[in-house]
Each structure stands twice: as structure tokens, then as C-alpha cells.
Amino acid sequence: MHSVGLIDSFSEFKEFKNIDRTTMQRVLEDVFRSMLRKKYGTDENFSVIINDNSGDLEIWQNQTIVHDGEVEENRSQISLSDARKIEPDFEVDEEVTTEITLESFGRRAILAARQTLMSKVLELEKDELYKKYKDRVGEIIVGEVYQVWKKELMVLDDEGNELLLPKNEMIPADHYKKGDNIKAVVLKVEMYNGSPRIILSRTSGVFLERLFEQEVPEIIDGLITIKKIVREPGERAKVAVESFDERIDPVGACVGMKGSRIHGIVRELRNENIDVINNTNNMQLLIQRALSPAKISSVKIEEETKRAAVYLKSDQVSLAIGKGGHNIKLAGKLVGVEIDVYRENEEDEGDIDLEEFSDEIDSWIINELKGIGCDTAQSVLAISNEELIRRTELEEETVVEIRKILQAEFE
């Protein structure tokens, strides 16, 4: 039957929006039954038939034949004389089925139905997309960069669905252009103005965990467990792993022969340094491993304050703190305590004790710096301004001025 483009719309949405055939047929039938109710007051005594293969639509009206002059209700009854105009040998009490054409509803009703159909299909599409990705939170997807904006990227999955990767969920060294392939984890799915927003992430610890699962079969098999992951995206990450099978070295398995397994992960994360350590319930041993590659001389833990004092030789302090303070910060996050680094009592040539600056730096500031394990100029300079502000009660202007004073001594 002529459908004025209505069935074409159905076919388009069926092809591109991944809504199953049964659901589409139900929506289409609901739309036309709504048209029948508007025109006839009810959709009873009408049959809506949708061809399963072609999508063609037929509407039939079912009426009972009554004697002439006894028609009480035109919707469900037809007079004998009118029935015999359709078929000469009809008799009273027989059923007459006649086809209702779309044109009989009028152009305005047809256009309204088309709009209703499109609206319902779009709503279904949103619901299906939301459900689909709600179940995929935490999974890695590979998509294609479709649009690059100032604050986010639009990524298309293999079905053409639009996903978003915000700038703050990208590794600082990430640079993508339209057409590039991109790998990320589904971080969350939220509704915004009635439409689902699928947010991706490359900075989440879950992303790193999924990359390990892809590269290390023993993790998927349950032979190795990732206990905790902490990251400074693009800079450094620490991964605590363990295995209950004594025959398996969890660190060796994750790193692979000559680093074969971890190299692929490092490249994906823009050369992010990844430390894989054996997990343990021994807190002192865990702290020593977490501060790798530095070699720890001794550790004192204060359970009440959740702090740990770590003592090292002078040449190990900078290794423990790490570039920009990333190593010590991540180690603290991994073990769940605040770590303070101290030098063992020994001569430290080339460095200067903070007390030597007492004429330029207030004593309370020096005590504040010593409180986080910085008792020499070099130990302060090894930590970034942001980390010093976070770990002390000093203001940014004060930290900047202190750094100038200390750096001047070495210049």
C-alpha cells in the first residue's frame, strides 16, 4: 500500500539504529492503532498487519453483516446491501473484511504519524544505546576520532555511535586528529537532556588494568590478581600484583620476556613509566617495594597518624622522591600512608642543610619542610611546587620564593 514515506522511515531506522525487528514492528503497529483511535474512537475490530520481510503495512476493518436498517454502529456493523456491493453472495451474520488505505486518514494525520514514528524510534535508540553502554562500563573500546574540540573529542564506535573523550580524561601527551584510531575505557554513562552521554577515559586506573588483562593471559585465567593500581597519567604508574600459585612469578609474568608484555602497554600510555611490584601484607616490605627503584635503609610506621618515616642514603633520596615527586606520591597512594623521606646521618657533599638558610627563611617554614622529610636544599628542590603545597601548609607564593632562595645557592 502507498505509505507516503512512512515505511521508508521504518526501514532507515531499522538499518542504522540497531533496533530489533520485533520491537520496530510493535512501534509501527502502535503508531497506526493510535491513528485508528483518533479517527474511529477505538482500534477494536481493526487488524494491523506488517509484512515481516518487506515491512509493508496493511490495515483491515472487520464488520458483521446485519439486515438493512439494523446497523447500530458503523465501525463494527455493515448492512447486507452494502456488503453485497463488495461480494454479491454475502449473507447476514457473516464477517466482511475491507482494507483501510492510508490516504483515507488524510495528509495531516499521515504526517503526524510519521513524526510520531520518528520520535518513538529515536527514543528507543537512546534507550538501547544507554543500556548497551551501561553494561560496558569498564570495558575497552576502539573507535575513530570524528571531531576534535577544545575540551573533548567525539569518537565513533564500530556502529557509528557517538562517544566523548574529555581532555581531562586524556593523557597529557595525547594528540589526536580526525580519522585517528583511539583506544579507551568506558568510564561512565549518563543522561544529559534526555540523551545518553558515553564518557571515555585514558587516565583511569581501570584502563591500565584492562590493558594488563589484554597482554597478560594469566590475569584473565585468574592465576594473577591485580590488587591495586595508582597512576599519574603519562608520568608514572604503580601496579601491585600477587599470585597464589607458587610456580608463577606475578611480576615476571606481567613484564614478560625482555619486557615484551609491558612494552606494548607503555607505548599505549605515551611512555608512562610502570612499576610492577609484588603485593604483600607486610607494610614495611610493601613500602620498600613501592618506593622502587630507591633502596630503603629502614622504615618506621606510625599506625595512628597513618604516616611512615623512610630513611635512605643520600644518593637514594632523589630516586625515592622521583621526578616532580611522582614516585613518593604514588607510593603513598599505593600503601595508603603518607611517606616522609629522611637521610641517614652522613656527610652530604654538594648539598646544604636547611638550617643554613635560617637568615633568609623563617624557622617555622624550615620546620614545615622538615616535617615532610626535606632537611636539605636538594631534597626540597627535588619536589614540585604543587607537591610541596599539597603536603605542607605553605602558600604558593611562599613555595616559589623558597625555591628561588635555594636555587640561588647552587647557581
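Residues numbered from 1 in each chain as written. Predicted model: local features only at pLDDT ≥ 70, side-chain atom pairs only at ≥ 80, totals over all residues. Heavy atoms only, no water.

**So, the pairing of strand β2 (residues 57–66)**
As a reminder of what qualifies: Each residue is assigned to one of three classes by its accessible area relative to the maximum for its type, calculated with a 1.4 Å probe on protein chains only: buried under 20%, partly exposed between the two thresholds, exposed over 50%. Helix and strand definitions follow DSSP, with helices as H or I runs of at least four residues and strands as E runs of at least two, each counted in order from the N terminus. Two strands qualify as a pair provided DSSP detects at least 2 bridges between them.
For β2, the buried fraction is high: 7 of the 10 residues fall into the buried class. As defined by bridge partners, strand β1 (residues 46–50) adjoins β2 across 5 bridges and the pair is classed as antiparallel. Counterpart to I50 in the pairing with β2 is L57. Across 6 bridges, β2 lies against strand β4 (residues 95–100) in antiparallel orientation. Its bridge partner lying in β4, Q63 is registered against V96. Looking at chain direction, β2 and strand β3 (residues 77–79) are connected through 3 bridges and run parallel. Looking across to β3, one finds that V66 is bridged to S79.

**Points about the packing of aromatic side chains**
Note the following rule: Put simply, two rings from Phe, Tyr or Trp (the six-membered ring, in Trp's case) pair if the centres are within 6.5 Å, and we call them stacked under 30 degrees between planes, edge-to-face over 60, tilted for the rest. Charge-over-ring contacts are defined here by two conditions on Lys NZ or Arg CZ: a distance within 6 Å of the ring centre and an angle within 35 degrees of the ring normal.
Tallied over the entire structure, the rule returns 1 aromatic pair. Just above the ring of Y146 sits the side chain of K178; from NZ or CZ to the centre is 4.9 Å. Above the plane of the ring of Y192 lies R197, whose end atom (NZ or CZ) is 5.3 Å from the centre.

**Focus: empty space enclosed by the protein**
We apply this condition: We place a 1 Å grid over just the protein atoms. Points where a 1.4 Å probe fits but has no way out form a cavity, open points with protein on both sides within 12 Å along at least 5 of 7 lines form a pocket, and any residue with an atom within 4 Å of a point lines it. Grid points are joined across faces, edges and corners, and a volume is the space filled by probe spheres set on the points.
A full pass over the atoms with the stated rule returns 1 cavity of 30 Å³ or more. Empty space within the largest cavity amounts to approximately 30 Å³. As for the largest cavity, its lining consists of I321, I328, V341, I372, G373, C374, S379, I383 and R391.

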